[in-house]
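Okay, here's what each chain looks like letter by letter:
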Amino acid sequence: MIKERVLTGDRVTGKLHLGHYVGSLSNRVALQNKYETFVLLADVQALTTHFDKKELIRRHLRDITLDYLSVGIHPDRTTIFVQSMVPEIAELTVLFSMFVTVNSLRHNPTIKAESKSAGLDDMYYGFLGYPVSQTADIAFCKASIVPVGDDQLPHLELSRKIVRRFNELYQPILVEPKPLVGDMPRLVGTDGSAKMSKSLGNAIELDSTTEEIAFKIRRAKTDPARVHKQDPGHPDICPIYAYHRAFRPQESAEIREGCERGSLGCSACKQLITQAVEQLIEPMRERRAYYASRPKAVDEILMTGTNRAREIARETMREVREAMCLNYFD
Ligand code: TRP
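Residues numbered from 1 in each chain as written. Predicted model: local features only at pLDDT ≥ 70, side-chain atom pairs only at ≥ 80, totals over all residues. Heavy atoms only, no water.

Undergrad: Could you give me a rundown of the domain arrangement of the chain, with the residues and numbers involved?
TA: Taken as a whole, the chain is organised into domain 1 (5–187 + 294–323) and domain 2 (210–288). Between the C-alpha centres of domain 1 and domain 2 the distance comes to 34 Å. In this complex, domain 1 contributes 13 residues to the contact, which on the side of domain 2 involves 10 residues. Applying the counting criterion to the domain 1 and domain 2 interface returns one salt bridge. Ionic pairing is found between arginine 288 and aspartate 67, a salt bridge with its closest N-O pair at 2.5 Å. At the junction of domain 1 and domain 2, the tally comes to three residue pairs in polar contact (both at pLDDT 80 or more). Elements with a contribution of two residues or more to the side of domain 1 that touches domain 2: helix H1 (18–31) and helix H3 (54–71). Ranked by residues supplied to the side of domain 1 that touches domain 2, first place goes to H3 with six residues. Residue composition of the side of domain 1 that touches domain 2, grouped by class: nine nonpolar, two polar and two charged. (Domains from an automatic or database assignment. Contact = heavy atoms within 4.5 Å. Salt bridge = Lys/Arg side-chain N within 4 Å of Asp/Glu carboxyl O. Polar contact = N/O pair within 3.5 Å; in protein donor to acceptor, adjacent residues only side chain to side chain. Helix = DSSP H or I, 4+ residues; strand = E, 2+ residues; numbered from the N terminus. Nonpolar A, V, L, I, M, F, W, Y, C, P; charged D, E, K, R; others polar.)

Undergrad: Could you give me a rundown of the packing of helix H2 (residues 43–50) against H3, with the residues and numbers involved?
TA: Here H2 crosses H3 at 145 degrees, and the two axes come no closer than 10 Å. Of the two elements, H2 crosses H3, and the hand of that crossing is right-handed. From H2, Asp43, Ala46, Leu47 and His50 reach across to H3, where they touch Lys54, Leu56 and Ile57. Within the contact of H2 with H3, the residues separate by chemical class into four nonpolar, one polar and two charged. (Axes fitted to C-alpha atoms, helices over the stretch in contact; angles between N-to-C directions. Left-handed = near helix turned anticlockwise from the far one by under 90°.)

Undergrad: Tell me about the state of the cysteines, residues and numbers included.
TA: One pass over the full model with this rule turns up zero disulfides. The structure places no disulfide on cysteine 266, whose sulfur is separated from the nearest cysteine sulfur, that of cysteine 238, by 6.2 Å. By relative accessible area, cysteine 266 is classed as partly exposed at 25%. Not part of a disulfide, cysteine 269 finds its nearest cysteine sulfur in cysteine 238, a span of 6.3 Å. (Disulfide = S-S within 2.5 Å. Buried < 20%, exposed > 50% of the residue type's maximum accessible area, 1.4 Å probe, protein only.)

Undergrad: So, the packing of aromatic side chains: which residues are in play, and what are the values?
TA: Enumeration according to the criterion identifies 10 aromatic pairs in this entry. Between phenylalanine 99 and tyrosine 170 the ring centres are 6.3 Å apart and the planes differ by 55 degrees, which places this aromatic pair in the tilted class. With phenylalanine 99 in the loop between helix H4 (87–97) and helix H5 (102–106) and tyrosine 170 in the loop between helix H9 (153–169) and strand S5 (178–181), this residue pair connects regions lying 71 residues apart in the sequence. By relative accessible area, which is 19% here, phenylalanine 99 ends up buried. For tyrosine 170, a relative accessible area of 29% puts it in the partly exposed group. Geometrically, the ring pair formed by phenylalanine 166 and tyrosine 170 is tilted, given 5.1 Å between the ring centres and 55 degrees between the ring planes. Aromatic ring contacts, followed pair by pair, group Phe96, Phe99, Phe166 and Tyr170 into a single cluster. Taking NZ or CZ as reference, arginine 294 lies 3.8 Å from the ring centre of tyrosine 290, over its face. (Phe/Tyr/Trp six-rings, centres within 6.5 Å; stacked < 30°, edge-to-face > 60°. Lys NZ or Arg CZ within 6 Å of the ring centre and 35° of its normal.)

Undergrad: Before we move on, could you go through the pattern of salt bridges and cite the residues and values that matter?
TA: Taken as a whole, this structure holds 25 salt bridges when the rule is applied. A salt bridge links arginine 164 to glutamate 176; its shortest N-O distance comes to 2.9 Å. Here arginine 164 is found in helix H9, whereas its partner glutamate 176 is found in the loop between H9 and S5, with 12 residues between them in sequence. With relative accessibility at 32%, the residue arginine 164 sits in the partly exposed group. Overall, glutamate 176 belongs to the partly exposed group, its relative accessible area being 29%. Notably, a salt bridge pairs arginine 318 with glutamate 315, separated by 2.9 Å at the nearest N-O pair. Of this pair, arginine 318 and glutamate 315 both sit in helix H14 (residues 295–323), separated by three residues, roughly a single helical turn. Residues participating in the shared-partner salt-bridge network are Arg5, Glu36 and Arg308.

Undergrad: Quick one: what's the story with H14, residue by residue and with numbers?
TA: Over its 29 residues, H14 extends 42 Å from the first C-alpha to the last, a length consistent with the 42 Å expected when each residue adds 1.5 Å. With its phi angle positive at about 60 degrees, cysteine 325 sits one or two positions after the end of H14. (Expected span 1.5 Å × (residues − 1).)

Undergrad: Describe the site of the ligand, with residues and values.
TA: Around the ligand, 13 residues are found, and the nearest of them are Leu40, Gln45, Gln134, Asp137 and Gln152. Contact distances for the ligand include 2.7 Å between a nitrogen atom and a side-chain N or O atom of glutamine 45. Here aspartate 137 contributes a side-chain N or O atom positioned 2.7 Å from a nitrogen atom of the ligand. Across the complex, the protein chains shield 88% of the 360 Å² of accessible surface that the ligand would expose by itself. Going through the elements one at a time, strand S1 (5–11), strand S2 (36–42), helix H8 (130–139) and strand S4 (145–148) are the ones with two or more residues in the shell around the ligand. Take the shell around the ligand: its biggest share by element is four residues, from S1. Here the shell around the ligand is composed, by residue class, of six nonpolar, five polar and two charged. (Near = heavy atom within 4 Å. Areas by Shrake-Rupley, 256 points an atom, 1.4 Å probe, with all protein chains shown as cover.)

Written out as structure tokens, the structure reads:
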């Protein structure tokens, strides 16, 4: 039986952190045992906002690959590949762009929110079109399952439309992808803001040392109502409690009770979560050290994955060209 394909990816804009682990990486490790899994390093998509930061993208490509390998994404089970090195994705993007309207992109809520937060009143062409290029990322390998965060749902909706339209206009050769949204709530930052994010400076990176973990958790915000240990706390507004729920789910009811009753102090509560995060990251650190000391092997993993993706992309493009009557000399 042919396994269904899963494709997902990350923009190459920074190292990955605990928020990524909870929201997507842990799930990818599970999915790779069940499906044929592809993970794409979206360096071209990173350029849509970081086109003037080429060195940053170059550096983070290796960092993120180490993040993947350290959490247990296994190169024998997951095809890890570089977007810009599969030119068929760019080719497919151009062909799709012929039947995608500008308004369908301008009215996309995620595009709107992202361009607003960038403070631009005009938009770069590549940025406006990145959901089209993302559709090509998915369609070239005919992935049917796309694990994403909920901010990506409008893009997946568009991807489904593009694939349907292609199949109607030409030939039914592409696969309509379904989004797979994880059930974990988004991990809050150490400052309590809604999202853990490197750019907000509230993230615990996956390559953190023991000291960095302890330091960041010690400095993390807690419920401001708790001046003294006996003061009753409000766990639902405390990032530390959110971490207990994510990383010590079995004990979180006990933590809630201790906090609300004022019997568990913030510093003891923080110590427990520091230990849990350390226990999670410790094995990652070992795998990271293994691969970090073998940079050639890491490059080999990327090249092998990219070659494999490219072979599939070439075959899909052959079908696409035929379906669109662009195969003049066959
Ligand atoms: N835009 C996605 C994000 O920011 C990353 C991405 C690029 C992606 N291409 C993809 C995700 C294809 C899923 C499928 O998270």
